[in-house]
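Descriptive analysis of the structure
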Amino acid sequence: MNTRLRSNLCVLFLISAALLTAQAQTEKVVVDNQAEAHPFPHFWEHMFGSGRAILSLRQSYRNDLREVKRVTGMQYIRFHAIFHDEVSVYDEDPSGKPAFNFSYVDQIYDGLLENGVRPFVELSFMPKKLASRDALHAFWYKQNVSPPKDYAKWDEMITQFVKHLVDRYGIDEVSQWYFEVWNEPNIDFWVGDPKQATYFELYDHTARAIKSVDPRLRVGGPATAQAAWADAFIRHCADNKVPVDFVSSHVYGNDKAEDVFGTHEQIPRDRMVCRAVAKVHQQIKSSAMPKLPLIWSEFNASYANEPDVTDAPYMGPWLADTIRQCDGLVDEMSYWTFSDVFEEQGVVKQPFYGGYGLIAADSIPKPAFNAFELLHWLGDERLAVSSNDVLATRRPDGSLVIAAWNLTGPGEGGTEKTIQLQFAHAQIGSVRIARVDSDHGDVHKAYAAMGSPRYPTREQIEKLRAASHLSPAEVQKITGDSLELKIPREGLVLIEAQPAS
């Protein structure tokens, strides 16, 4: 074989290989308007966590709350430490008689209600004068995580607190709230010994005190980390006739299988949350109270400060895929948190440090904020599709709304992928396409271009806020029955398909 022929064959081989690779990387997904469908309530965007109770009095907190409320279906806010001494709910006079002060409580809950959201009331932590010992947690604000020294006084505090809320806001309003007993008692947020038995004692007293005010009020738990205790909790309530209206638990994408499942599996970050939700879902279904609602009152891709996770475009595809997997397994999920007005590790020192919030310090939206905005546009009915990278939904007006994504692990290379949507039993005239990725709805390039200032000037903050905005949706006519999309690594695309007129 001569040199020229060998060279030509090599070129043909490389071209053929490239064409085959391109075809292999194109995923074809049929979106059939007559496919099997089921209701698709937006369970991921009704509840959000936030920094502790006292922070809700800050203007920055309320500004961020309004922004998240504007682009999502936010209905409830959950935070720690309504009984922290900085809120001044509990005191004792010189004789040891309890004294209560609801001044800050009123300002805190008034602020939420005035902004159109209700409290998901986490009943924590222990006031100093009610604590059985000085057990301060490692968080910067040093909450006490001790059991009460006197359950009669704890019962009175709960009763007076809840009675005050009903007197101020009315039972028709407060009966729409949730009361959750404590936070993560299975780990270092509770020093009762043994943990489970002493938490159950706390729960029993609290639930009965709440119901004594009005049986319409909703109470639940165990609010555990790592999807723990749900089965034992339900069994305890059933056996002892303790009131319970919902089950709650938590898990994060980087929790370990040893802690959640007692195994040595290596569960990927994008699979952990819904694996844990499925575990508790099944425990409820197999229990004596199989119809108890499941509220996942904390979740995120990470419980640590990982900038390439919670600050990054990665959160768009991670969130979309989590919604896809958890659909049908949970009643509500509360993303932790809506804002980086947050001080568990101390005062925030720079805008992007891997905080949990959708909005960074100085009210600068992150890609996760924009991902929530896009996913809010999804319809309320889900259509079956063959892909694990696509959510197809339908709105009441008949329009189709599709989310598609390219999920690669944080820090991994990854490549662009192509998805071809083929529409069946639907005449599509045009589509609107919106994106979140490193070039759309991500502020980081603008931040790097100005030198990544630790304390941006007011002018720089305005530029960063502008750079964080979603790009205008592109409008594209559909001439056939398909649409091809190129999605970069860590990219999320939202497609609104309008019927042909």
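Conventions used here
- Residues numbered from 1 in each chain as written.
- Predicted model: local features only at pLDDT ≥ 70, side-chain atom pairs only at ≥ 80, totals over all residues.
- Heavy atoms only, no water.
- Helix = DSSP H or I, 4+ residues; strand = E, 2+ residues; numbered from the N terminus.
- Rg over C-alpha atoms; globule rule 2.2 N^0.38 Å.
- Contact = heavy atoms within 4.5 Å.
- Areas by Shrake-Rupley, 256 points an atom, 1.4 Å probe, with all protein chains shown as cover.
- Lys, Arg positive; Asp, Glu negative; His and termini not counted.
- Charge placed at Lys NZ, Arg CZ, Asp CG, Glu CD.
- Phe/Tyr/Trp six-rings, centres within 6.5 Å; stacked < 30°, edge-to-face > 60°.
- Buried < 20%, exposed > 50% of the residue type's maximum accessible area, 1.4 Å probe, protein only.
- Disulfide = S-S within 2.5 Å.
- pLDDT = per-residue confidence, 0-100.
- Pairing = 2+ DSSP bridges.
- Right-handed = clockwise from strand over helix to strand, strands pointing away.
- Axes fitted to C-alpha atoms, helices over the stretch in contact; angles between N-to-C directions.
- Expected span 1.5 Å × (residues − 1).
- Salt bridge = Lys/Arg side-chain N within 4 Å of Asp/Glu carboxyl O.
- Parallel < 35°, antiparallel > 145°, perpendicular 65-115°, else oblique.
- Left-handed = near helix turned anticlockwise from the far one by under 90°.
- Nonpolar A, V, L, I, M, F, W, Y, C, P; charged D, E, K, R; others polar.

The helix and strand tally for the protein chain stands at 14 helices and 22 strands. A compact globule built from 501 residues would reach a C-alpha radius of gyration of about 23 Å, and the protein chain, at 25 Å, matches this within 12%. Dimensions of the protein chain, computed from C-alpha atoms along their principal axes, come out at roughly 105 × 55 × 50 Å. The long-range fraction of contacts in the protein chain, counting pairs at least 24 apart against all pairs at least 6 apart in sequence, stands at 74%. Accessible area of the protein chain: about 20800 Å², with a carbon and sulfur share of 50%. For the protein chain, the centre of its 51 positive side-chain charges and the centre of its 66 negative side-chain charges are spaced 2 Å apart.

For the rest of this paragraph, the subject is the packing of aromatic side chains. What the rule picks out here adds up to 36 aromatic pairs. Aromatic pair phenylalanine 125 and tryptophan 182: ring centres 5.3 Å apart, planes at 90 degrees, arrangement edge-to-face. Remark: tryptophan 182 occurs in the loop between strand 8 (178-181) and helix 6 (195-213) and phenylalanine 125 occurs in the loop between strand 7 (118-123) and helix 4 (151-169); sequence separation between them is 57 residues. Accessibility expressed as a relative area gives 1% for phenylalanine 125, which makes it buried. You can call tryptophan 182 buried: its relative accessible area is 0%. With 5.9 Å between their ring centres and 50 degrees between their planes, phenylalanine 139 and tyrosine 141 make a pair best called tilted. Under the relative-accessibility criterion, tyrosine 141 is labelled buried at 8%. The rings of Phe83, Tyr90, Phe100, Phe102, Phe125, Phe139, Tyr141, Trp154, Phe161, Trp182, Phe189 and Trp190 are connected pair by pair, giving a single aromatic cluster.

In this section: the state of the cysteines. A complete count under the given rule lists 1 disulfide for this structure. Sulfur-sulfur distance for the disulfide between cysteine 274 and cysteine 326 comes to 2.0 Å. Handedness of the cysteine 274-cysteine 326 disulfide follows from its S-S torsion of about -110 degrees: it is left-handed. On the criterion of sequence distance, the pair formed by cysteine 274 in helix 9 (residues 269-285) and cysteine 326 in helix 11 (residues 315-326) is long-range, its members being 52 residues apart. No difference in accessibility class separates cysteine 274 from cysteine 326, as the two residues are buried.

This brings us to the confidence of the model for the protein chain. When pLDDT is averaged along the protein chain, the result is 93; 95% of the residues meet or exceed 70. Here residues 7-24 is a poorly scored stretch, pLDDT under 50, and it has 1 contact once near neighbours within four places are set aside; other chains count.

In this section: the pairing of strand 9 (residues 219-224). Burial analysis of strand 9 places 6 of its 6 residues in the buried class, which makes it a mostly covered element. Inspection of the sheet shows strand 8 paired to strand 9 by 2 bridges, in the parallel sense. Residue pairing for strand 9: phenylalanine 179 is matched across the bridge by valine 219. Viewed along the sheet, the connection from strand 8 through helix 6 into strand 9 turns out right-handed. As paired strands, strand 9 and strand 10 (residues 246-252) are joined by 4 bridges and run parallel to one another. Residue pairing across strands places proline 222 opposite serine 248, the latter belonging to strand 10. In this fold, the crossover linking strand 9 to strand 10 by way of helix 7 (residues 230-240) has right-handed handedness.

The sheet built from 3 strands is open, its strands ordered 1-18-21 with mixed pairing. Looking along the sheet, the strands with just one partner apiece sit at the ends: strand 1 (26-32) and strand 21 (482-487). Between one strand axis and the next, the sheet turns through 25 degrees on average, direction left out of account. Where strand 1 and strand 18 (residues 417-424) come together, 7 bridges link them in parallel fashion. Opposite glutamate 27, over in strand 18, you have isoleucine 419 as the bridge partner.

With 19 residues, helix 6 ought to run about 27 Å at 1.5 Å a step, and its terminal C-alpha atoms sit 28 Å apart, in line with that. Elements in contact with the buried residues of helix 6: strand 7, helix 4, strand 8, strand 9 and helix 7.

Turning our eyes to something else, we now look at the pattern of salt bridges. Taken as a whole and assessed by the stated rule, the structure comprises 34 salt bridges. Among the salt bridges present, the one from glutamate 462 reaches arginine 465, with a minimum N-O distance of 2.8 Å. Of this pair, glutamate 462 and arginine 465 are both found in helix 14 (residues 458-467), 3 residues apart, which corresponds to roughly one turn of the helix. Arginine 465 gets classed as partly exposed once you look at its relative accessible area, which sits at 28%. Between glutamate 490 and arginine 489 there is a salt bridge, and its shortest N-O distance comes to 3.5 Å. Overall, glutamate 490 belongs to the buried group, its relative accessible area being 7%. What you see here is one network of salt bridges that share partners, running through Arg52, Arg58, Glu86 and Glu343.

Closest axis-to-axis distance for the helix 11/helix 12 (residues 367-376) pair is 8 Å, and the angle between their directions is 40 degrees. With respect to their mutual orientation, helix 11 and helix 12 come out oblique. Both helix 11 and helix 12 take part in a crossing whose hand is right-handed. Listed contacts from helix 12 to Met315, Gly316, Leu319, Ala320 and Ile323 of helix 11 are Ala368, Ala371, Phe372 and Leu375. Of the residues contributing to the contact of helix 11 with helix 12, the split by class is 8 nonpolar, 1 polar and no charged.

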